Amino acid sequence: MQGPSIEFEDVNLTLGNTRILQDINFAIRAGDIHCIIGANGGGKTSLIRSMLGQMPHSGKITINWHESRVVGYVPQLLEFDKTLPVTVLDFMGMTCQNRPIFLGVARSRRSQIDEVLDRVGMIGKSKTKLGSLSGGERQRVLFAQALIPEPALLVLDEPMTGLDVHGREILERAIVEFTDAGGTAIWINHDIAQVNEIANTLTYIDREVLLDGAPRQVLASGAAARLFPTLELLDTKTSEAN
Amino acid sequence: MSAFYDLLRQFIIGLADEGIIHYTFLYEFVVNGFLCALVIGPLLGGIGTMVVIKRMAFFSQAVGNAALTGVAIGVIIGESYTAPYMSMFSFCILFALFLNFSKNRTKMSSDTLIGVFLSISLAIGATALLWVSARVNTHILDTIMFGSILTVNDTDMNVLLVTTVITALVALPLYNQMLLASLNPSLAHVRGINVHLLEYVFVLLVTILTVACVKIVGAVLVEALLLIPAAASRNLNRSIRGFVLWSVIFSTASCLIGIYAPMRWDLPIPSGGAIILTAAIIFVVTMLIRMALPQYREASI
């Protein structure tokens, strides 16, 4: 399985009277872990939603697919009615089978679902109601659903939100394994240390592209030094709020 | 189809004749009512789960009110005023499409917009019916709001059956997609689901089944049967399987008990009211169970 390369050319997005993205130009290589970083409200989610065809953007976003065109998407923390009678297994089943989920999970899918739930350490909670899970547990389930069917491109919108150390390790390992096998991952990530450690390339976005390149080069630049104190401050605030 | 109904009716009446089932089943209208209940129960109970999840509780009420205008239009263009299905279906479908279109354009929450349309449809419907009331039996308003399950004929049963088959053929294969689209539209879109189209499909389904049931159980009762059994089932279930299964059981049981009990014990209440009351009792019982049993305990605020 080989993941796609992606090119963003002059991407602009205006919603209402607000300019969200301005002249975005950068490229993602096939098989890379590419992290998108930047301040809150800087347009990161809007950028990947433009790529997924969910925003009225202008400009050109080219995804150069190879044999598989499957996208695994991990949206931002799922907000929904906590009393909804949907178990982890129901949720996994509804994303990947046509048979009505109230008739049960199809046998052909069951082993696949069990396998990915096991990979994210959630196999023991497959009968638990989605609304009873903690934020981090729900995040792991959201990650698990993105692995069925096997994707060529993983799109991750802050998958680590609310995760404990163990959960972070599991997801980190799964993402690295995925790109090692040839897949491409585009990942919105606030954790500079983690980006520095495992990303092949990064793009800093605050309405426009401020930094782009390999973490080591980019983080050593003068522009990065001006930006990162703000980011670190932001990270502390987020963790305090949590 | 009539021959099939006749065969079924003769079989049930035969059972009553031999004393195997209660003698009220000797009457054809009772048998008709029961046959309808056996279809309407699972239909509304099943679709009701999705109505509850999508927070479209009052949508069928709005469509039911729109049916009043449909009847008025039917009378004006000369359709039979006891079964103006063409006018009812046409007007209600246009009404529902317009409602959903407005929802997509204004981005308002469903309950606000449905509330707005509910009042508008009632006002227009009542005005239109009043305007043509010189030409029709005034009971028509009652019939549409509260229905009359014991006066159904073969045409009503045909309309109901066709609607049920359409609903099953469309809703069953699309159930998971609709569920995912209401949980997270963005994720649904990435998985190749046309979220807007599905919304229109669902709105149309609820509309046609509301219209098909209006003559039989009435607009108020359609809404009650879409909501109460699903709400009762939600009180007790953690999985989607239990939620749907018990909603169907509660809804079907309410219909059957609601029709049978007043006749069996000579109670002075109409079948429509008895059906809702049965559903309401089930709801209260499930609520008490939820309050009493420790496994349902949750955060208080």
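Please read these numbers as outputs of a predicted model, since none were measured by experiment.

A few points about the overall build of chain A
Within chain A one finds eight helices and nine strands. Taken over the C-alpha atoms alone, chain A extends approximately 55 × 45 × 40 Å along its principal axes. The buried share of chain A, taken over its 242 residues, is 41%. Of the contacts made within chain A by residues no fewer than 6 positions apart, 70% connect residues no fewer than 24 positions apart.

Some details on the interface of chain B and chain A
Tallying the contact residues gives 24 residues for chain B and 22 residues for chain A. Secondary-structure elements contributing two or more residues to the side of chain B that touches chain A are α7 (154–183), α8 (185–190) and α11 (240–264) of chain B. The dominant element in the side of chain B that touches chain A, judged by the number of residues it contributes, is α7 of chain B, at seven residues. A per-class count over the side of chain B that touches chain A returns 13 nonpolar, seven polar and four charged.

Overview of the environment of Thr207 of chain B
Mapped onto the secondary structure, Thr207 of chain B falls in helix α9 (residues 195–217). For Thr207 of chain B, the contacting residues outside a window of four places in its chain are Val63, Cys92, Ile93 and Ala96 of chain B.

Quick look at the confidence of the model for chain B
The predicted model of chain B has a mean per-residue pLDDT of 89, with 97% of residues at 70 or higher. The ipTM, which scores confidence in the relative placement of chains, is 0.89 for this predicted complex, and the corresponding pTM is 0.88.

Brief notes about helix α1 (residues 44–51) of chain A
Residues and elements named next belong to chain A. Counting buried residues along α1, seven of its eight residues qualify, which places the element largely inside the surrounding structure. Taken residue by residue, α1 has Lys44, Ser46, Leu47, Ile48, Arg49, Ser50 and Met51 as its buried positions. Phi turns positive, to about 80 degrees, at Gly53, one or two residues after α1.

Some remarks on the sheet that holds strand β5 (residues 71–74) of chain A
All names here are of chain A. Spatially, β5-β6-β7-β3-β8-β9 is the arrangement adopted by the six strands of the open sheet, whose pairing is mixed. Single-partner strands in this sheet number two, and they are β5 and β9 (208–213). On average, each strand axis in the sheet is inclined to that of its neighbour by 15 degrees, with strand direction left out of account. Across four bridges, the pairing between β5 and strand β6 (residues 153–157) is parallel. Bridge pairing in β6 links Gly72 to Leu154. In the packing of helix α5 (residues 165–180) onto the sheet, contacts are made with β3 (33–37), β6 and β7 (184–188), and the angle to β7 comes to roughly 145 degrees.

Calculation rules
- Residues numbered from 1 in each chain as written.
- Chains lettered and ligands numbered in written order.
- Predicted model: local features only at pLDDT ≥ 70, side-chain atom pairs only at ≥ 80, totals over all residues.
- Helix = DSSP H or I, 4+ residues; strand = E, 2+ residues; numbered from the N terminus.
- Buried ≥ 20, exposed ≤ 12 C-beta atoms within 10 Å, placed from the backbone.
- Contact = placed C-beta atoms within 7 Å.
- Nonpolar A, V, L, I, M, F, W, Y, C, P; charged D, E, K, R; others polar.
- pLDDT = per-residue confidence, 0-100.
- Pairing = 2+ DSSP bridges.
- Axes fitted to C-alpha atoms, helices over the stretch in contact; angles between N-to-C directions.

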